[in-house]
Amino acid sequence: EDTLRQYFCQFGPLEQAEVMKDRYTGKSRGFGFVSFVDADAALRALATEHSIDGRRCEAKVALPKGDPMPPRTTRIFVARIPPSVTEVQFRAYFEGFGKLQDAYMPKDHAKQGYRGIGFVTYASPDSVEKIMATKHWLNGHEIAIDRATPKEEPGGMRGAIGGGAAFQRVPLTGP
């Protein structure tokens, strides 16, 4: 690990350097992981051919096992919104997490009210990360929040709520 750390620190400061070892023998498995403090250092390392202790090494971006990292997005989907919540309350609540580009709750024309769902688009994906880190309540009811990711389908985009239902979208005006 010291050799790995010493070699890769020439590209920039490291957070971590780890050689993967066999759990029974303790011998190197022939690969390891290096985490850089900043992305520019990692890009420099990726763009270079490497030879460590006379052995040619290949640097690749490591992909996590299991669930992939959720995509960084600026849009969230909100469900289980109580019928008592107004558009003004909806917008005001989500403005507390960052600058909004849009916030709306589709109407259910048959019931003359809202459908209990909504979409919020922020100016920055950091606002989405902040909001995803905790539970949320509106008018005393817990609401469900998830990242909204567009689904491409043949023939263009369809509604994020199955069935391809069309909604008339009326942007809310800010204060």
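Reading guide: rules and limits
- Residues numbered from 1 in each chain as written.
- Predicted model: local features only at pLDDT ≥ 70, side-chain atom pairs only at ≥ 80, totals over all residues.
- Heavy atoms only, no water.
- Helix = DSSP H or I, 4+ residues; strand = E, 2+ residues; numbered from the N terminus.
- Buried < 20%, exposed > 50% of the residue type's maximum accessible area, 1.4 Å probe, protein only.
- Contact = heavy atoms within 4.5 Å.
- Salt bridge = Lys/Arg side-chain N within 4 Å of Asp/Glu carboxyl O.
- Pairing = 2+ DSSP bridges.
- Axes fitted to C-alpha atoms, helices over the stretch in contact; angles between N-to-C directions.
- Phe/Tyr/Trp six-rings, centres within 6.5 Å; stacked < 30°, edge-to-face > 60°.
- Patch = residues over 30% accessible without salt bridge, like charges linked within 9 Å, V, L, I, M, F, W, Y side chains within 5 Å.
- Areas by Shrake-Rupley, 256 points an atom, 1.4 Å probe, with all protein chains shown as cover.
- 1 Å grid on protein atoms, 1.4 Å probe; cavity = no way out; pocket = protein on both sides within 12 Å on 5 of 7 lines; lining within 4 Å.
- Points joined across faces, edges and corners; volume = space filled by probe spheres on them.
- Nonpolar A, V, L, I, M, F, W, Y, C, P; charged D, E, K, R; others polar.
- Arc of directions from axis to C-beta.

### Considering the overall build of the chain
A count of helical and extended segments in the chain gives four helices and 13 strands. Burial analysis of the chain (175 residues in total) assigns 26% to the buried set. Sequence-distant contacts in the chain: of pairs separated by 6 or more residues, those separated by 24 or more amount to 56%.

### Observations concerning the pattern of salt bridges
Under the criterion given, the structure shown has three salt bridges. Of the charged contacts in the structure, one is a salt bridge between Glu 95 and Arg 91, with a shortest N-O distance of 3.3 Å. Within this pair, Glu 95 and its partner Arg 91 are both found in helix H3 (residues 87-95), separated by four residues, close to a single helical turn. Glu 95 gets classed as partly exposed once you look at its relative accessible area, which sits at 31%. Here Glu 129 ties to Arg 147 by a salt bridge, and the two come within 2.9 Å at their closest N and O atoms.

### Focus on the sheet that holds strand E10 (residues 136-138)
In space, the five strands of this open sheet follow the order E6-E9-E5-E11-E10, with antiparallel pairing throughout. Whereas interior strands pair on both sides, the edge strands pair on one side only; in this sheet they are strand E6 (100-104) and E10. Each adjacent strand pair in this sheet contributes to an overall mean axis angle of 30°, direction not counted. Sheet analysis places E10 next to strand E11 (residues 141-147), joined by three bridges and oriented antiparallel. Each residue of the ladder has a partner; that of Leu 138, found in E11, is His 141. Each of strand E5 (75-79), E6, strand E9 (118-122), E10 and E11 is contacted by H3, which is oriented at about 145° to E6, the strand it contacts most. Packing against the sheet, helix H4 (residues 125-132) makes contact with E5, E9, E10 and E11, and its axis sits at approximately 140° to E11.

### Observations concerning the packing of aromatic side chains
On inspection of all chains with the given rule, the structure shows 10 aromatic pairs. Grouped by ring-pair contacts, the aromatic residues Tyr 7, Phe 8, Phe 11 and Phe 36 constitute a single cluster.

### Comments concerning a nonpolar patch on the surface
Together, Leu 43, Leu 46 and Val 61 line one region of the surface with nonpolar side chains, adding up to about 280 Å² of accessible area. Within the secondary structure, Leu 46 sits in helix H2 (residues 39-46).

### Points about the layout of surface pockets
The gaps left among the atoms become clear once a water-sized probe is rolled over them. One number sums up the size of the largest pocket: a volume of about 990 Å³. Residue lining of the largest pocket: 27 residues in total, with Leu 4, Phe 31, Gly 32, Phe 33 and Glu 58 positioned closest to the centre. At the level of elements, helix H1 (2-8), strand E2 (28-36), H2 and strand E4 (55-57) are the ones that each hand at least two residues to the lining of the largest pocket. If one sorts the elements of the lining of the largest pocket by residue count, E2 sits on top with eight residues. In terms of residue class, the lining of the largest pocket is built from 16 nonpolar, five polar and six charged.

### Quick look at H3
Restricting attention to buried positions, one finds in H3 the residues Phe 90, Arg 91 and Phe 94. Here the buried residues of H3 occupy an arc of 90° about the axis, which is enough to place them on one side. Buried residues along H3 sit against E5, E6, E9, H4, E10 and E11.

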